[in-house]
Amino acid sequence: MATNNYSTSNPRVKNMGDVLDALSNGIAKTAANEPKFEPKLLVPEVPAEPARQLLTEIMLADRWVCSVARLQRWRTVGEGPQYLKIVGKVLYRFKDIEAYEEACLVRKVF
């Protein structure tokens, strides 16, 4: 009659089962204690779009919902915000635009 090496009556199989249980418990504890891997960015974090210090007349016209011709006309007659003319290109400093907007702010007094 052949003996079954895998029967539960065999003490060696019981010991092997205990060893396997101990190993699996040890592996589970080790895995639980290990820090989770978080991939790190290799590229330095950069803002999506850098803050613009200068605006073109097209950008300012878009901001104020007006035509470029109006801004050009204002420059001719000396109205509107201060501007720079660098290499033939008209540029507006953001701080000048904000100052002009603040000066144009209407405060109603009742």
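Residues numbered from 1 in each chain as written. Predicted model: local features only at pLDDT ≥ 70, side-chain atom pairs only at ≥ 80, totals over all residues. Heavy atoms only, no water.

### Observations concerning unusual backbone geometry
The cut-off we apply is this: Secondary structure follows DSSP: runs of H or I at least 4 residues long count as helices, runs of E at least 2 residues long count as strands, and numbering of each begins at the N terminus. Here the term buried applies to any residue with accessible area under 20% of the maximum for its type, exposed to any over 50%, and partly exposed to those in between, with areas from a 1.4 Å probe on protein chains only.
Within the chain, V65 stands out as a residue other than glycine whose phi angle is a positive 50 degrees. Take V65: it is sitting in the loop between α2 (57-64) and α3 (68-77). Its relative accessible area of 74% is what places V65 among the exposed residues.

### Describing the confidence of the model for the protein
Rules: Here pLDDT means the predictor's own confidence in every residue, given as a number from 0 to 100.
Summing up the model confidence of the protein, the mean pLDDT is 81 and the portion of residues at 70 or higher is 73%. Model confidence for the protein, summarised as mean pLDDT per element, is weakest for helix α1 (residues 11-33) at 71 and strongest for α3 at 96.

### Description of the packing of aromatic side chains
Each aromatic ring pair is summarised here by two numbers: the centre-to-centre distance and the angle between the ring planes. Heads up, the rule is: Aromatic rings from Phe, Tyr and Trp, taking only the six-membered ring of Trp, are treated as a pair when their centres fall within 6.5 Å; an angle between ring planes under 30 degrees marks them as stacked, one over 60 as edge-to-face, and anything in between as tilted. By definition, being over a ring means that NZ of Lys or CZ of Arg is both within 6 Å of the ring centre and within 35 degrees of the ring normal.
Counting across every chain of the model gives four aromatic pairs. Pairing W64 with Y100 gives two aromatic rings, centres 5.7 Å apart and planes at 35 degrees, and the pair type is tilted. Of this pair, W64 sits in helix α2 while Y100 sits in helix α4 (residues 94-104); the two residues are 36 residues apart in sequence, bridging distant segments of the chain. For Y100, a relative accessible area of 24% puts it in the partly exposed group. Joined through ring pairs, the aromatic side chains of W64, W74 and Y100 make up one cluster. Over the ring of Y83 we find R75, and its NZ or CZ is 5.5 Å from the ring centre.

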